[in-house]
Protein chains: 2
Amino acid sequence: MTEQLDELADLIRDEKLRDLRIAMDELNDGDIVDFLERLGVKDRAVTFRLLPKDTAVEVFDMLDQSLQHEIIEGLKDGDVAHFFESLDPDDRVRLMDEMPASVARKMLRHLDPRERSLTNIVLGYPSGTIGREMSPEFVAVPEHWSVGQAMEKVRRAGVDAETIYTLPVVDRQRLLKGVVSLRDLITTDDDVIVESLMSEADSVDADHDAEDAARRCADRKHLAMPVTDKEHRVVGIFTVDDALDIIERAESEDAARHGGAEPLNRPYLSTPVLQIMRSRIVWLLVLAVGAALTVSVLDAFEDQLEAVTALALFVPLLIGTGGNTGNQAATTITRALALGDVASRDVFKVLWREVRVGITLGSTLGALGFLIAGLAYDWEIGTVIGLTLVAICTLAASAGGLMPLLGKALGADPAVFANPFIATFVDATGLIVYFLIAMSVLGI
Amino acid sequence: MTEQLDELADLIRDEKLRDLRIAMDELNDGDIVDFLERLGVKDRAVTFRLLPKDTAVEVFDMLDQSLQHEIIEGLKDGDVAHFFESLDPDDRVRLMDEMPASVARKMLRHLDPRERSLTNIVLGYPSGTIGREMSPEFVAVPEHWSVGQAMEKVRRAGVDAETIYTLPVVDRQRLLKGVVSLRDLITTDDDVIVESLMSEADSVDADHDAEDAARRCADRKHLAMPVTDKEHRVVGIFTVDDALDIIERAESEDAARHGGAEPLNRPYLSTPVLQIMRSRIVWLLVLAVGAALTVSVLDAFEDQLEAVTALALFVPLLIGTGGNTGNQAATTITRALALGDVASRDVFKVLWREVRVGITLGSTLGALGFLIAGLAYDWEIGTVIGLTLVAICTLAASAGGLMPLLGKALGADPAVFANPFIATFVDATGLIVYFLIAMSVLGI
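Residues numbered from 1 in each chain as written. Chains lettered and ligands numbered in written order. Predicted model: local features only at pLDDT ≥ 70, side-chain atom pairs only at ≥ 80, totals over all residues. Heavy atoms only, no water.

Where an unreviewed UniProt entry is consulted, chain A appears under the name Magnesium transporter MgtE, with the organism given as Nesterenkonia sedimenti. Here chain A is described in UniProt, under the heading Subunit (unreviewed entry), as follows: "Homodimer." (UniProt positions renumbered as here; feature names shortened; annotations may be inferred.)

**Student:** I'm lost on the pairing of strand 2 (residues 166–170) of chain B in this one. Help?
**Tutor:** For a regular strand, side-chain orientation follows a simple rule: the groups alternate between the two sheet faces. All names here are of chain B. Taking burial as the measure, the 5 residues of strand 2 include 5 buried ones, the bulk of the element. Burial along strand 2 is two-sided: T166, P168 and V170 and L167 and V169, pointing in opposite directions, are all buried. Bridge count for strand 1 (residues 141–142) against strand 2 is 2 bridges, and the pairing is parallel. Bridge pairing in strand 2 links V141 to V169. Between the antiparallel neighbours strand 2 and strand 3 (residues 176–181) lie 5 residues, among them R174 with a positive phi of about 65°. (Buried < 20%, exposed > 50% of the residue type's maximum accessible area, 1.4 Å probe, protein only. Helix = DSSP H or I, 4+ residues; strand = E, 2+ residues; numbered from the N terminus. Pairing = 2+ DSSP bridges.)

**Student:** Please clarify how helix 19 (residues 347–376) of chain A should be interpreted in this entry.
**Tutor:** Residue pairs three or four apart in sequence face the same way in an α-helix, which turns once every 3.6 residues. The end-to-end C-alpha separation of helix 19 of chain A is 41 Å, in line with the 44 Å expected for 30 residues at 1.5 Å each. Among the residues making up helix 19 of chain A, those that are buried are V350, R353, E354, V357, G358, L361, G362, L365, G366, G369, A373 and G374 of chain A. Packed against the buried residues of helix 19 of chain A are helix 18 (315–338) and helix 20 (379–409) of chain A together with helix 15 (273–300) of chain B. (Expected span 1.5 Å × (residues − 1). Contact = heavy atoms within 4.5 Å.)

**Student:** Looking at this structure, how should I read the relation of the copies chain A and chain B?
**Tutor:** Mapping between the two chain copies consists of a rotation about an axis together with a translation along that axis. Mapping chain A onto chain B calls for a screw motion: a turn of 180° about the axis and a shift of 0.0 Å along it, with 0.1 Å RMSD after fitting. Such a combination of turn and shift is consistent with a two-fold rotation axis. Comparing interface residues between copies, 100% of those in chain A also sit at the interface in chain B, which points to an isologous, same-surface contact. (Least-squares fit on C-alpha atoms with pLDDT ≥ 70 in both.)

**Student:** What is the right way to look at the pattern of salt bridges in this model?
**Tutor:** Side-chain pairs of opposite charge can arise whenever the charged atoms involved come near each other. Counting across every chain of the model gives 40 salt bridges over all chains. Here E133 of chain A ties to R249 of chain A by a salt bridge, and the two come within 3.8 Å at their closest N and O atoms. Of this pair, E133 of chain A sits in the loop between helix 10 (113–123) and strand 1 (141–142) while R249 of chain A sits in helix 14 (residues 240–258); the two residues are 116 residues apart in sequence, bridging distant segments of the chain. For E133 of chain A, a relative accessible area of 10% puts it in the buried group. Given a relative accessible area of 34%, R249 of chain A falls into the partly exposed group. Across the pair R92 of chain B and E115 of chain B runs a salt bridge, and its minimum N-O distance is 2.6 Å. With R92 of chain B in helix 8 (residues 89–98) and E115 of chain B in helix 10 (residues 113–123), this residue pair connects regions lying 23 residues apart in the sequence. Taken individually, R92 of chain B and E115 of chain B each receive the classification buried, so the pair is uniform in this respect. (Salt bridge = Lys/Arg side-chain N within 4 Å of Asp/Glu carboxyl O.)

**Student:** Is there a simple way to explain helix 9 (residues 101–110) of chain A in this structure?
**Tutor:** All names here are of chain A. Of the positions making up helix 9, those classed as buried are A104, M107 and L108. Taken end-on, helix 9 shows its buried residues confined to a sector of 100°, consistent with a single buried face. Turned more than 90 degrees off the buried face of helix 9, the exposed positions are R105, R109 and H110. (Arc of directions from axis to C-beta.)

**Student:** What is the right way to look at unusual backbone geometry in this model?
**Tutor:** Working note: non-glycine residues mostly have negative phi, and peptide bonds are mostly trans. At E15 of chain A, a position not held by glycine, the phi torsion is positive, near 60°. Examined against the element boundaries, E15 of chain A turns out to sit in the loop between helix 1 (2–13) and helix 2 (17–25).

**Student:** Help me understand the UniProt feature "transmembrane region" (unreviewed entry) in chain A, please; the structure alone is not making it clear to me.
**Tutor:** Residue and element names in this part refer to chain A. Mapped onto this numbering, the UniProt entry gives "transmembrane region" (unreviewed entry) at residues 281–301, 357–377, 384–406 and 418–442. Helix makes up 95% of residues 281–301 and strand 0%, with an end-to-end C-alpha separation of 31 Å. The distance separating the terminal C-alpha atoms of residues 384–406 is 32 Å; by composition the span is 100% helix and 0% strand.

**Student:** Just to check I follow, could you spell out the packing of aromatic side chains for this structure?
**Tutor:** For any pair of aromatic rings, geometry is given as the distance between the ring centres together with the angle between the planes. Taken as a whole and judged by the stated rule, the model has 11 aromatic pairs over all chains. Measuring from ring centre to ring centre gives 5.4 Å for F314 of chain B and Y377 of chain B, while their planes differ by 75°; the resulting arrangement is edge-to-face. Taken together, the residues F314 of chain B in the loop between helix 17 (310–313) and helix 18 (315–338) and Y377 of chain B in the loop between helix 19 (347–376) and helix 20 (379–409) connect sequence positions 63 residues apart. For F314 of chain B, a relative accessible area of 4% gives the class buried. Under the relative-accessibility criterion, Y377 of chain B is labelled partly exposed at 31%. Ring centres of F370 of chain B and W379 of chain B lie 5.2 Å apart, and the angle between their planes is 50°; on these two criteria the pair is classed as tilted. Joined through ring pairs, the aromatic side chains of F301, Y434 and F435 of chain A make up one cluster. The ring of Y268 of chain B has R353 of chain A sitting right over it, with the charged end atom 5.4 Å from the ring centre. (Phe/Tyr/Trp six-rings, centres within 6.5 Å; stacked < 30°, edge-to-face > 60°. Lys NZ or Arg CZ within 6 Å of the ring centre and 35° of its normal.)

This is the structure in structure tokens:
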């Protein structure tokens, strides 16, 4: 496959665009996306313009947002307006969010009235809500209709709707009563009433947090979920492929912040080195300020360090182990929060569990540390190392478990408060504990 | 919602099982799953037995594997066999993988011949492949059929099939020629030939890695992908909801290993403390052995430490910054690997990028370090700190970028080789660099 794509790239270099167009006819949409992601900005724009309109819309939908934005910038004004019109309303809104406001408004003005009003429905919800990510093009079926009537409506509306596989069932006031799957409609006789086929709807409020709704959609294996307004009227539908996009973006953000960096939001190899550097430097500086605390702590205990230089030897081992224990707890809790296994109100349950885990881990490591440091140096040093490991592990596991919950309660991304922060926090407090224990055991 | 679930839990405590059964009729399947996940093992088994058979199968499908296993253990033998029969073949195989082999074989013997042969198709592929996760119950349509004929087949086979929304199109030898969506069939006249409607199939080989196939399915927004054998005959279908399960399991595993622990594979609050401790202790011990290296390194430079005690003050700051820089690079590359943005063969591209990012980050931090340490202590110390930061950041970013690729090339989970390992590696090598620089600048 990779070789085939390299051959296509050769066609661009040789400016054999007609051959390229013919060669791309053989590829499925996913392969075209892979191909486009390997090209530079200019080649990508040229290649994209060769695609038949239907393929272009499908392919565009699968591209990363940053690449979508670049492609739009590479199109001529007339082409942009035309292309913009052929997108789904929700994809259109996502794209508008990335554009300068003046360009977005101009685009909107060029749309035909129906498309414009659909787009405005989605634009009416704040970003970050599921209303902003849903599609207003759904097919709702009244509960008193027969299967035959419902199928007739699906056949007529089926081309434009976002999905026809999950259909909201409504009453005469357009209030959501349930959902019916196309599979059930198809495998049932035409004269059966829809109400008898429908199942309980798992719907979501349009103001609901988008990531949370996406995770619910994925966890519960829905192909689509109806979105309702405050009166429980259906205003849109939200499909699993949009849920996947939202989850992927959220996971990338979490992964990046766990590692102490901002997300790149575009494929690594197509990101300029300076942009990668910028995604990391702020975090490094913030963490370095925290780390400067450790210098002050050690400075305060300089007399003890001069008296027993051996104490300095164990500093990296002790704070490293503390950092690792804190990381483990923070990662577990951040993940549990993301999956909805733990909520902010579980804070005491989490604390009590992590204290016990920390003490168990600390005792195991502490016993080993006591033996090894005792044999290698002397039993007083061994005692200091052993006791410090118990204390640091308990402290680190508790702090690691609490920080993500604290972050969540403060309304911040739990991952921001997680691993690198904990390591820095544990470094400084761990050193204080270490020297206090050393002072009382060694009498210095 | 939470309050409502608490009221239901009260009904179990008061043994009002009839009331509970009636109350659960009002809930959708997702809410029942949430309810079951909050219960203890025994209550969960009791509650599960109250569900109507159809609901039980749906709900079972949404539960975590560990909870599925416990529920099966809580059922009576006759019930198990009955329930086992009503599962889809792919879910049945996943459950069998968790059971003792003797129980699994007994279960299989009780199935009716058709179900048994379907189950055996899936069992024929090694675990970890997409063949093991696919469903053999698909509806294929011959390319020369009319839409009317195809719809007739869908209507007949629609109840049993895993999905009817994406249909593989085959030739007379059952070779895969393309796919057609139910939406296209429904919105097209009955006498059109299927071949003219079908689009290029994005299929996957049954021996292909399951996680990779799942990510492709999700990335390309397919509701389902046909699975083929070596001759390109369709052997099964793989749906997006199964893809989501596989991705979630993989992400949880990656997240845990990033934090230096093994995945729990079950909801946090329902995991015993000792099991949480076990998921962490092995990693901590391995990392502590690595950290013991730092003790030896410092021991080797003890004379220099005694000569200039101030050197000890900066140890946590320097290795902490190195660890953070390494983490950032490792996280970025691990994520890029998971998303397919980077492959093993890109190793030199990645190295060259990370070296440049590392030098840029190191120079920025180094300049600051030089100034601050110079002002607070003296300019010689400032020089040592500044130079060490440049060296450590470059080293850490390169090592952080390479480790996940190395892990992947060795066939290991990239996340295993990632963050905690890098921190330990950077700690030891960073200290050597620090003391070598200090020795040459300070002349000690």
